[in-house]
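# Reading the structure
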Amino acid sequence: MVSLDDQIGILAGQHGLARASLFRSSDLSPKGDHEVLLDGAYGSFAVSVAEDVDPVDASSWVWSSNIPHHVLLKGEKVRVLRWDRPDDASEFDSSRVLGSPAEFYNHLRSDRTQDRRSIVEHSVSLFNRVRSLVRHKELPDEKSISVYLTLLSMFAGEQQSGGRGVSEQMLPDGARQLLSSFHMNDVEGIYKDFQTLRLGNRSLAVSLAMRHASGAIFQEAHYNLIQTPPPDLFNYLGPAVVRKPARGGVHFTPPFLARALSEQVLLALGNLHSRKQITIADIACGSAAFLVEALRALERFRYQGQITLIGRDTSSVAIDMARFVLGMASQEWQGNQRVKIDLAVADSLRTKLGYPVDVVVMNPPFARWQELDPAQREYLSATLGKNAGPKPDLSTAFVECALDLVKRDGAIATLLPANALDAKSASSWRYHLAERKGIYLSALFDDQTIFSHARVRVGALVLSGNAVDETIRLHAGTHPESAGDSLRALRLRPTPRASRSASNLRRHRRQSVHLRQRLKRISTLTWAACAHLRKLPNKRWTPRLSTCLRFDKAFEPGTTPLSFLMRPSGVSCLQPNGGFSAQPFHRKV
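Described in the following lines is the structure provided in the data block. Keep in mind it's a predicted model, so treat the numbers as computed, not measured.

Here the focus is the sheet that holds strand β6 (residues 85-93). Sheet strands pair via backbone hydrogen bonds, and the direction of the pair is either parallel or antiparallel. In space, the 6 strands of this open sheet follow the order β1-β2-β3-β4-β5-β6, with mixed pairing throughout. Sheet topology places β1 (18-21) and β6 at the edges, where each strand pairs with a single neighbour. Between one strand axis and the next, the sheet turns by 25° as a mean value, whatever way the strands run. Pairing of strand β5 (residues 77-82) with β6 involves 5 bridges; the strand directions are antiparallel. The residue of β6 that forms the bridge with Arg79 is Glu91. Most of the contacts of helix α2 (residues 55-64) go to β5, to which it runs at about 60°, and overall it touches β2 (33-38), β3 (45-49), β4 (69-74), β5 and β6.

Structure below.
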């Protein structure tokens, strides 16, 4: 008989979900075990193991955390409720849930919320009220962030045990004094409305919003600050200003993407638990979405050493938000100053850190050659040198900066325009990368709606300073759930084996000939069917064999659509039309 405490781990393990505690250690949390199982855009849910949870409280928890469902495991029963329908919960037998995990999870993914009044929308509406207040005070619009963060710190402090407030170092300089300069009735009106808000049966838990939804909230607030004028006297918000999208530090990096890449880069780093300290940098950090997820990944991996987080961005507003979010996240770590935070406003391409780091994670600015001014083009050409190609993207310069910054045995995880990973014009630069680091993961995502406020085909790259025995090549299709499914499958992937001896290598080469003949006759494999397949180890610089996954649509119940075609010279993804896509990293001819 499976105990209740083990059921959360079973649910997470069956579906490749990342686990995180629902409440912070300083929160006034109820009795029982409460966690969040994290997926992509649709499959995350909160789960509790307790005697009972009030449906109103459960609805408030998941609404504040920006996730749709709460699952209660109590004895032989499993209760599922959606935040917009707390009075209409479903109940299942636990044996049915654990016996048919794919069917249960498919139910959660397909049961979408209908109410559009999310915690992100509500929090941004608060920010717009603050902007209106700042405008009437005839202060610069950027000061709205200082007032906004101060109000959030007051809300969060009241919901922590003992009423402990947010540290002064987490707020912009002079933020509390700035708030005190406003008319008390105006501030109290906003404070009361936000604190006592109820939407139906849902009330706001600010600490949960800051823990689980801060990335979306602050990125949307930053976007509003840059793209829309401040509200007028009647709180009317004018239309957005038509501007060229500038993704660096402005557009929202989806948490599921940052979460999965943070996990993969720590695996690529290797020997995590033998390191007494680790330094992680984001040289285009925005509001620290990547750094927060890297910190959470270290928590899931049970890292016990000292942590240093470094963030640089050209936007002072982004750095203010990053300081607040990382400050709250670091409070969850036990020990005396186990997490050190180093944030500054700086252009990472012009101002170097001056000391090496273990890991770099980033979502650098994307800017095509045609969009760069002459000075930027000259700098980019000088940085890339002979590997520049005809029209390189600005993001490649940030990758070069990361390569110079990271230690020899360090690792890098970055998002990139898809053209940088599959276009022929960038092949010289890709080969240059493969000479400097091992290619641990190369991914392409065809869904152009992954980023909010921008339509872009994006790729991801994880580089390792260690020898890479098996390169993962991942290609997700245009279906909205394909990207999340593909990254979730990475957690189900067995840990790569160490390099084999020469005698074993000859035997596996003979086996691979038979394996390739079999795979040519197979169009779709479930993950369970392919998990045992043996692969040949790769040389560090020119991987000859790798795991190649293609996700053209969302998971069907109980299956993972994977298409394989293995060849001696490498691996290509099987396209729907029967053709082959060029593998992103290959031997230079």
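Attention now moves to the nonpolar core. The biggest cluster of nonpolar side chains holds 114 residues, and the ones touching the most others in it are Phe218, Ile278 and Phe445. For Ile278, the contacting residues outside a window of four places in its chain are Leu266, Leu269, Leu272, Leu298, Tyr303, Gln306, Ile307, Thr308, Asp358 and Val359. Of all hydrophobic cores here, the second largest spans 37 residues; its members include Leu394, Leu405, Ile412 and Leu444.

Below, the discussion takes up the packing of aromatic side chains. Taken as a whole and assessed by the stated rule, the structure comprises 6 aromatic pairs. Between the aromatic rings of Phe45 and Tyr105, the centroid separation amounts to 6.4 Å while the plane-to-plane angle is 55°, which identifies the pairing as tilted. Of this pair, Phe45 sits in strand β3 while Tyr105 sits in helix α4 (residues 101-110), and the two are 60 residues apart along the sequence. Just as Phe45 is buried, Tyr105 falls in that class too. Centroid distance Phe92 to Phe104: 6.1 Å. Interplanar angle 80°. Geometry classified as edge-to-face. Of this pair, Phe92 sits in strand β6 while Phe104 is found in helix α4, placing the two residues 12 residues apart along the sequence. Over the ring of Phe182 we find Lys137, and its NZ or CZ is 5.9 Å from the ring centre. Lying across the ring of Tyr379, Arg350 places its NZ or CZ 4.3 Å from the centre.

Rules used in this analysis
Once a new chain begins, its residue numbering starts again from 1 and follows that chain's sequence as written. Reporting of local features is limited, given that this is a predicted model, to residues whose pLDDT is at least 70; pairs of side-chain atoms are given and counted only at 80 or more, and all residues count toward the totals for whole chains, interfaces and linings. Calculation of side-chain values draws on the structure's entire complement of heavy atoms; hydrogens and water are dropped beforehand. Whether two strands pair depends on DSSP finding at least two bridges between them. Strands are runs of DSSP state E lasting at least 2 residues, helices are runs of H or I lasting at least 4, and numbering of each runs from the N terminus. Angles run from 0 to 180 degrees between N-to-C directions of axes, and those axes are lines fitted to C-alpha atoms, restricted for helices to the stretch in contact. Whether two residues touch is decided by their heavy atoms; if any such pair falls within 4.5 Å, the residues are in contact. Buried residues of nine kinds, namely Ala, Val, Leu, Ile, Met, Phe, Trp, Tyr and Cys, make up a nonpolar core once their side-chain atoms join them within 4.5 Å. Here's how the labels work: a residue is buried when its accessible area is under 20% of the maximum for its type, exposed when over 50%, partly exposed in between, all with a 1.4 Å probe on protein chains only. Stacked, edge-to-face and tilted labels apply to pairs of Phe, Tyr and Trp rings (six-membered ring for Trp) whose centres lie within 6.5 Å, assigned for plane angles under 30 degrees, over 60, and everything in between, in that order. Ring-over charges, as used throughout, are those where CZ of Arg or NZ of Lys falls within 6 Å of the ring centre and within 35 degrees of the ring normal.

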